[in-house]
Amino acid sequence: MAAIPVFLRGWFSRLLVLTVICMGFTAWGGTATAVRAIDDDYPDKRVEMVVPYSPGGGSDIFARTITSMLEKQGIVDASINIVNREGGSGTIGGAYVRGKEGNNYVLMTVTSGILTNQLVLGTDVTYDDFTPIARLALDQLLIVVPDDSPYKGIEDLIEAGKAKPDEVTWGGTGLGGEDSLLLAQLEQESGANLNYVSFESGGEVQAALLGGHVDVASANPNEILGQLEAGGMRALAVAGEERLEALPDVPTLKEKGIEAVYEQLRGVFGPPNMDPEAVQFWADAFKQLSESEQWQEEYISENMLRSGYLPPEEFRTFLDEEYKKVESSIKEMGLGPEGSPATPAS
Amino acid sequence: MIETLESLFRGFAVALTPTNLLFALIGVTAGQIIGALPGIGTVVGVSLLLPLTFNMDPTGAIIMLSGIYYGAQYGGTISSVLINMPGEAATVVTTLDGYQMARQGRAAKALGIAAIGSFVAGTFGVVMVTLLSPVLTTFALRFGPPEYFALILLGFTSLSAFSGTSIAKGLVSVIIGLLLSTVGLDIMSGRPRFTFGEDWLLDGFSFLVAAIGLFGIGEILDGMMNPADHPMIRTSLSWRNSLPSSVEWIRSRGAMVRGALIGFFVGVLPGAGSTLASFIAYSVERSASKHPEEFGKGAIEGVAAPESANNSASAAAMIPLLTLGIPGSGTTAVLLGGFLLWGLRPGPLLFTEHPDFAWGLIASMYIGNLMLVVLNIFAIPLFASMLRVPYAIQASFVVLFAIIGAYSLDNNPIDVLIMTAFGLIGFFMKRLDYPAAGLVLGLVLGPLAEKSLRQSLTLSRGDWSIFFTRPISGVLMVVAVSALLWPLARWAIVRLRPD
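Further remarks concern the overall build of chain A. Along chain A, the regular secondary structure elements total 11 helices and 11 strands. Within the span of chain A, comprising 346 residues, buried residues form 57% of the whole. In chain A, 77% of the contacts between residues at least 6 apart in sequence involve partners at least 24 apart. Working note: accessible area of chain A is about 14,100 Å², and carbon and sulfur atoms make up 49% of it.

Residues and elements named next belong to chain B. Inspection of the secondary structure assignment puts serine 308 in helix α13 (residues 301-316). Residue class for serine 308 comes out buried when judged on its relative accessible area of 0%. Each residue touching serine 308, except ones within four places of it in the same chain, is listed here: Gly117, Ala121, Met256, Gly259 and Ala260.

All names here are of chain A. Pairing within the open sheet is mixed, and its five strands lie in the order β7-β6-β8-β5-β9. The open sheet is flanked by β7 (195-199) and β9 (233-238), the only strands paired with a single partner. Strand after strand, the sheet turns through a mean of 30° between neighbouring axes, direction not considered. One ladder, built from two bridges, connects strand β6 (residues 169-173) with strand β8 (residues 216-219); its direction is parallel. Directly across from tryptophan 170, in β8, lies its bridge partner valine 216. Sitting on the sheet, helix α7 (residues 202-210) touches β5 (142-146), β6, β7, β8 and β9, and the angle it makes with β6 is about 160°.

Here the focus is the interface of chain B and chain A. Contact with chain B, which involves 58 residues of that partner, is made by 63 residues of chain A. Three residues, Arg191, Arg345 and Arg461 of chain B, lead the burial of chain B against chain A; their summed loss comes to 13% of the area buried on that side. Counting across the chain B and chain A interface gives three salt bridges. Residues lysine 451 of chain B and glutamate 204 of chain A are paired through a salt bridge, measuring 2.8 Å at the closest nitrogen-oxygen approach.

Next up on the list: the layout of surface pockets. Residue and element names in this part refer to chain B. Roughly 800 Å³ of volume is contained in the second largest pocket. Together, 29 residues line the second largest pocket, and Leu96, Phe162, Gly296, Asp433 and Pro435 are the ones closest to its centre. Every element with two or more residues in the lining of the second largest pocket is listed here: α5 (94-103), α8 (159-162), α10 (207-225), α12 (274-288), α19 (413-431) and α20 (436-459). Among the elements that make up the lining of the second largest pocket, the one with the highest residue count is α5 (four residues).

On to the environment of isoleucine 403 of chain B. All names here are of chain B. Tracing the backbone through its elements, the reader meets isoleucine 403 in helix α18 (residues 391-410). Taking relative accessible area as the criterion, isoleucine 403 reaches 2% and is therefore assigned buried. Considering only alpha carbons, one finds isoleucine 403 and glutamate 88, 315 residues apart in sequence, at a separation of 15 Å.

Here we take up the packing of helix α2 (residues 58-72) of chain A against helix α9 (residues 276-290) of chain A. Residue and element names in this part refer to chain A. With their axes 10 Å apart at the nearest point, α2 and α9 run at an angle of 90° to one another. What the angle tells us is that α2 and α9 run roughly perpendicular. Facing Ile66, Met69 and Leu70 of α2, the residues of α9 in contact are Trp282, Ala285, Phe286 and Leu289. Class assignment of the residues belonging to the contact of α2 with α9 gives a composition of seven nonpolar, no polar and no charged.

Cut-offs applied
- Residues numbered from 1 in each chain as written.
- Chains lettered and ligands numbered in written order.
- Predicted model: local features only at pLDDT ≥ 70, side-chain atom pairs only at ≥ 80, totals over all residues.
- Heavy atoms only, no water.
- Helix = DSSP H or I, 4+ residues; strand = E, 2+ residues; numbered from the N terminus.
- Buried < 20%, exposed > 50% of the residue type's maximum accessible area, 1.4 Å probe, protein only.
- Contact = heavy atoms within 4.5 Å.
- Areas by Shrake-Rupley, 256 points an atom, 1.4 Å probe, with all protein chains shown as cover.
- Pairing = 2+ DSSP bridges.
- Axes fitted to C-alpha atoms, helices over the stretch in contact; angles between N-to-C directions.
- Buried area = accessible area lost by both parts, 1.4 Å probe.
- Salt bridge = Lys/Arg side-chain N within 4 Å of Asp/Glu carboxyl O.
- 1 Å grid on protein atoms, 1.4 Å probe; cavity = no way out; pocket = protein on both sides within 12 Å on 5 of 7 lines; lining within 4 Å.
- Points joined across faces, edges and corners; volume = space filled by probe spheres on them.
- Parallel < 35°, antiparallel > 145°, perpendicular 65-115°, else oblique.
- Nonpolar A, V, L, I, M, F, W, Y, C, P; charged D, E, K, R; others polar.

Put into structure tokens, the structure is as follows:
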């Protein structure tokens, strides 16, 4: 160890070289694309569609389906390049697109996650940083139990949740995410009290439910339908505005007198200050897409979603309303980035 | 049984068509390369190629993508052994003895035993997948949060296998790793922890970035200090030399069997994975060995056991994916996304609704493993010849690969800086004789342990007895606690003995 001072002299220069190499790499990142005015042949060059989540996820499938349909149906001529920029629950991709201010050649897929990120994580990437283009679909949540569960209907669950508060366990992904927001609404509306156990992914939740480690869980229809068909699980209710086409016997919570609706949105955003003409171009293109038969059959029915096109202005209003709703649920749950009480479930 | 074999033959009929054979070959070759390059892990590799399969036939697509997955388990060994830089999470532990073997001029041997072990264990895994999938699914589902916690605790016992001379230094390393693992999103509440408002810290420290720095860069820095310790290594390039001698074969045989079994049973659990399997296999092997003192100094079993474990684990991970539609790791989650992308519905009905897809994949794994062992054995002299390059040149390339590897993990330049910082930490740890593997162990198992601990206690509403009243968890806990306490007790006895 006595050798350290001697070696440091030669060593520092080596470290410097290494650091400089690294800095060089860092500098590579920010090559900006030139911004062009809108004219008749827009989009006249490759468009970048940013997916702030990993390949194979819901947003990725959404992006690949819409771009391939836009091309196949001849709605848009330009080629659209999908880029996955995942990380930080969608904030990494969001920050990237926010930095593309006024660029008419960048689009981004968006989910309700952008609202909860802002509220739970306290990230500075917020939904009003962006230019809303279109809302396209809504993904609902199903409340499921294992096939041998004593709960035959949602009423049984509510009753158990009232009789033995905090004893019935409900599995879902991360606190502050869609599953916990649904449970918060359900508890508020019904007076039941359940014990929320959070898992890292939908797959883990399913395994815990099938293994009998949790009593009930919530999941998106397309990830759970295989289990329902095979008979390992039963659906008690759907948390949407209307029943699902594929599961006509499963009631909505509303029908059962519980005013709890949680639908995750899927839509498209543009960077801040995108040209109004470009916004209109894409809004029209997505409207045409959402009215096509292929859209209904190959995306909506296939993934068991609800089609719900909204043009830019109405999309913005929808986001404002949704934000208020989520904000009150999150406050109710005692979550939030700072100054809030400790997480109740842990 | 007859039905299973019939289905398997049908699967071979699918997998042996020229197109699917080609897809398998492309997959395993790509996996081999992706695995060998530090940083570009399987998740990244499969994610990169997934979009290309959007319009492909699903069977060909899954054959190719899963080829990347298990092929990378073979490839990951190469950089671990040659340059002390793990190419894959599951090959971190291979660096301990693999790199020492390379330093002794036995790189070809290390790579050879890894390839053979991988083949034996990989094939064993596929046979088990073929015959026992339904039974094993039931077994896997019995693991809830308390069972995972007990299993992970067992993983921590491998600490004593790395610690060498000082158990205290080993503990310090693990604790640093555990502390670093708390940075990022709190998995239970979804809130950021110790991120200081920085978005780039939301995902925490990637353990591959840390491992590349700690091992790869740390080793290079140390080498720069003592160039005399790094003479040109005389490595035989004859491929016959990559086959084990009869003594080595006898020593590795048991390691392969134990590695394959441990890897399989840990791998079949969604939520455990091949990295945990490789750590446990290494620690079990050291306890079972007649030469525990040789571990960390180039013991061939120290390569054979984890390499066998990670391969059978990656085969086993296909079970929850195929029988339940539940992914057990980052990579299988991406594969599951592929199912949806190709319009297949994952779930228990996959085998009956799409038998060609499921059985074609299983059959292709037999073929793929065969392709990989041939590819590896014959390519070993080529890889080992890298060591004939003078150290100064070699070192520059290692640094270059480390930078590219860290960057390519998430295309994030900050990872390069984090990797460099870990390189410095690795250097000082090596100088001061703290085991870097302990830090990595803490970083890998920390989040898993925390998650399952908190889930268990949420389930039991704060009652700790949940870990002991459930049968599987109870047994694992007793084993883990006694294994954890034994070295401490022994240390205390030695220290406190009055003489």
